[in-house]
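Structural features, examined
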Amino acid sequence: MIATIDMHIRDERVLFWIIKQGDQVRIKQEDVAAQFGCCRNTAAAILHRLCLGGHLERHGVGKRSGYEYKVIPHEAS
């Protein structure tokens, strides 16, 4: 249970970090891994969950140069 809670906190931190980068940014999994002290596969899973959750849109096809992500704004309730 603690691992699940921690995973959500990490996802939120990555999302806020991406938002600080700008409106539409090119991000590599390696950049996320280095910034947050995790492995590349964990970074890929975080980015994937953020896309599935409707927080990010992924554009582009380049893996080595990273994908381009756009933050999807959500209305405050």
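First, a word on what this report is: a plain description of the structure on this page. On a predicted model such as this, the values are computed, not experimentally measured, just so you know.

Re the overall build of the protein chain
Looking only at helices and strands, the protein chain has 3 helices and 3 strands in total. Each helix (α) and strand (β) of the protein chain, taken in turn from the N terminus, gives the series α-β-α-α-β-β. Split into buried and exposed, the 77 residues of the protein chain put 25% on the buried side. Put simply, 44% of the contacts in the protein chain that link residues at least 6 apart link residues at least 24 apart.

Here's the deal with the pattern of salt bridges
This structure, assessed with the given rule, holds 3 salt bridges. Residue Glu68 pairs with Arg26 through a salt bridge whose shortest N-O separation is 3.5 Å. Here Glu68, found in strand S3 (residues 67-71), pairs with Arg26, found in strand S1 (residues 24-27); they are 42 residues apart in sequence, far enough to count as distant. A residue is classified by how much of its surface remains accessible, and Glu68, at 25% relative accessible area, is partly exposed. Using a relative accessible area of 43% as the deciding quantity, one classes Arg26 as partly exposed. Between Arg40 and Glu30 there is a salt bridge, with its nearest N and O atoms 3.9 Å apart. Pair noted here: Arg40 is in helix H3 (residues 40-52) and Glu30 is in helix H2 (residues 29-36), with a separation of 10 residues, a long-range link.

Describing the environment of Tyr67
Within the fold, Tyr67 resides in strand S3. Owing to a relative accessible area of 11%, Tyr67 belongs among the buried residues under this scheme. Separated by 41 residues in the primary sequence, Tyr67 and Arg26 place their C-alpha atoms 5.4 Å from one another.

Concerning H3
Counted at 1.5 Å a residue, the expected span for H3 with its 13 residues is 18 Å, and the 18 Å between its end C-alpha atoms agrees. Along H3, the residues classified as buried are Ala43, Ile46, Leu47 and Leu50. When H3 is viewed along its axis, its buried side chains cluster within an angular range of 95° and face the same direction. Opposite its buried face, H3 presents the exposed residues Asn41 and Leu52, each directed more than 90 degrees away. Positive phi shows up at Gly54, right after H3, with a value of about 85°.

A short note on the state of the cysteines
On inspection of all chains with the given rule, the structure shows 0 disulfides. Between Cys39, a cysteine without a disulfide, and Cys38, which holds the nearest cysteine sulfur, the sulfur-to-sulfur distance is 6.2 Å.

Cut-offs applied
Residues numbered from 1 in each chain as written. Predicted model: local features only at pLDDT ≥ 70, side-chain atom pairs only at ≥ 80, totals over all residues. Heavy atoms only, no water. Helix = DSSP H or I, 4+ residues; strand = E, 2+ residues; numbered from the N terminus. Buried < 20%, exposed > 50% of the residue type's maximum accessible area, 1.4 Å probe, protein only. Contact = heavy atoms within 4.5 Å. Salt bridge = Lys/Arg side-chain N within 4 Å of Asp/Glu carboxyl O. Expected span 1.5 Å × (residues − 1). Arc of directions from axis to C-beta. Disulfide = S-S within 2.5 Å.

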